Amino acid sequence: AQRVTQPEKLLSVFKGAPVELKCNYSYSGSPELFWYVQYSRQRLQLLLRHISRESIKGFTADLNKGETSFHLKKPFAQEEDSAMYYCALGGSGNTGKLIFGQGTTLQVKP
Amino acid sequence: EAGVAQSPRYKIIEKRQSVAFWCNPISGHATLYWYQQILGQGPKLLIQFQNNGVVDDSQLPKDRFSAERLKGVDSTLKIQPAKLEDSAVYLCASSLTQGLYNEQFFGPGTRLTVL
């Protein structure tokens, strides 16, 4: 079964502290993984995808096939990073279907 | 460019009533998605269109939900009759075409409350 698990509903850190948002997936093939973000009163938007290997707003995510994980990391959290973060797995067949995790709320305290 | 538009933004109905949601994708986007997001969960794909054809409706409860995209542009999602468990945010998204390398752009969503 294709599944995404984000074990933490809420992650609270202080400004300047490192951040790691956890994501684990279940998929039998070669996975395509994404992180989406929703800031307060804004739309859900793509943050990054593993295939492009880019760093967006200081966030990076590395695909670990052995641990079936795609954790999102940032070395120094900023208050403007406070948002809801969703990990998503591309469904089989490359139709564009996304399977989302439950989401993690990141709260960065001043 | 204008983003994905959805209406209404909020809707409150009683169970067993009918409701319809409307979505206007970004101009030129061939692929349109409807997601259901229940409180505390991530979005779940209900149906995906490529132009006016259905690509995936495997998770659409077809006994009560229907969707159409007759001219390959706007789309409507209907629930008839609604149940309490249909209370959720309904998100519409569009992409240039299908495939995981085409970014999906989301609308603001319609929040449905079924009493």
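It should be noted that the structure appears before, not after, this text.
First, a word on what this report is: a plain description of the structure on this page. Please read all numbers here as calculations on a predicted model, not as lab measurements.

Conventions we followed
- Residues numbered from 1 in each chain as written.
- Chains lettered and ligands numbered in written order.
- Predicted model: local features only at pLDDT ≥ 70, side-chain atom pairs only at ≥ 80, totals over all residues.
- Heavy atoms only, no water.
- Helix = DSSP H or I, 4+ residues; strand = E, 2+ residues; numbered from the N terminus.
- Rg over C-alpha atoms; globule rule 2.2 N^0.38 Å.
- Buried < 20%, exposed > 50% of the residue type's maximum accessible area, 1.4 Å probe, protein only.
- Contact = heavy atoms within 4.5 Å.
- Areas by Shrake-Rupley, 256 points an atom, 1.4 Å probe, with all protein chains shown as cover.
- Salt bridge = Lys/Arg side-chain N within 4 Å of Asp/Glu carboxyl O.
- Buried area = accessible area lost by both parts, 1.4 Å probe.
- Polar contact = N/O pair within 3.5 Å; in protein donor to acceptor, adjacent residues only side chain to side chain.
- Nonpolar A, V, L, I, M, F, W, Y, C, P; charged D, E, K, R; others polar.

## A word on the overall build of chain B
Secondary structure assignment for chain B yields zero helices and eleven strands. Each helix and strand of chain B, placed in order from N terminus to C terminus, yields the pattern β-β-β-β-β-β-β-β-β-β-β. Expected size for 115 residues packed as a compact globule is a radius of gyration near 13 Å; at 13 Å, chain B falls within 12% of this value. Taken along the three principal axes of its C-alpha coordinates, chain B extends 40 × 25 × 25 Å. A burial count over chain B gives 46% of its 115 residues as buried. Taking contacts inside chain B between residues at least 6 apart in sequence as the whole, the part at least 24 apart equals 54%. Roughly 5600 Å² of accessible area belongs to chain B as shown, and the carbon and sulfur atoms make up 51% of that amount.

## What about unusual backbone geometry?
Backbone torsion omega between Ser7(B) and Pro8(B) reads -10°, so that peptide bond is classified as cis. One non-glycine residue, Lys57(A), adopts positive backbone phi at about 55°. Tracing the backbone through its elements, the reader meets Lys57(A) in the loop between strand S6 (45-49) and strand S7 (60-61). If you check the backbone angles, Asn51(B) has positive phi at about 55° while not being a glycine. You can see Asn51(B) is positioned in the loop between strand S5 (44-50) and strand S6 (53-56). For Asn51(B), a relative accessible area of 39% gives the class partly exposed.

## Regarding the pattern of salt bridges
Side-chain pairing between opposite charges can occur once the charged atoms of the two side chains come close. Applying the stated criterion to the full structure yields six salt bridges over all chains. Where Glu20(A) meets Lys73(A), a salt bridge forms, and the shortest distance between an N and an O atom there is 3.6 Å. Here the residue Glu20(A) occupies a position in strand S3 (residues 19-21), and Lys73(A) occupies one in strand S8 (residues 72-74), the gap between them amounting to 53 residues. Judged by its relative accessible area of 38%, Lys73(A) is partly exposed. Of the charged contacts, one joins Lys97(A) and Asp56(B) as a salt bridge, the two residues approaching to 3.7 Å between their closest N and O atoms. Placement of the pair is Lys97(A) in the loop between strand S9 (83-90) and strand S10 (98-100) and Asp56(B) in strand S6, with the two residues belonging to separate chains. Connected through salt bridges with shared partners, the residues Glu20(A), Lys22(A) and Lys73(A) form a single ionic network.

## Examining the interface of chain A and chain B
In this assembly, 20 residues from chain A lie in contact with 25 residues from chain B. Counting the surface chain A buries against chain B, the share from its top three residues, Arg43(A), Thr95(A) and Lys97(A), is 29%. One can count one salt bridge joining chain A with chain B. At the junction of chain A and chain B, the tally comes to nine residue pairs in polar contact (both at pLDDT 80 or more). When residues of the side of chain A that touches chain B are traced back to their parent elements, those giving at least two are strand S5 (33-38), S6, S9 and S10 of chain A. Residue composition of the side of chain A that touches chain B, grouped by class: eight nonpolar, seven polar and five charged.

## Considering the side chain of Ser95(B)
Residue and element names in this part refer to chain B. Of note, serine 95 is situated in strand S9 (residues 88-95). Judged by relative accessible area, serine 95 falls into the buried class, the value being 0%. Separated by 2.9 Å, the side chain of serine 95 and the backbone oxygen of threonine 97 make a polar contact. For serine 95, the contacting residues outside a window of four places in its chain are His29, Ala30, Thr31, Tyr33, Asn102, Glu103 and Gln104.

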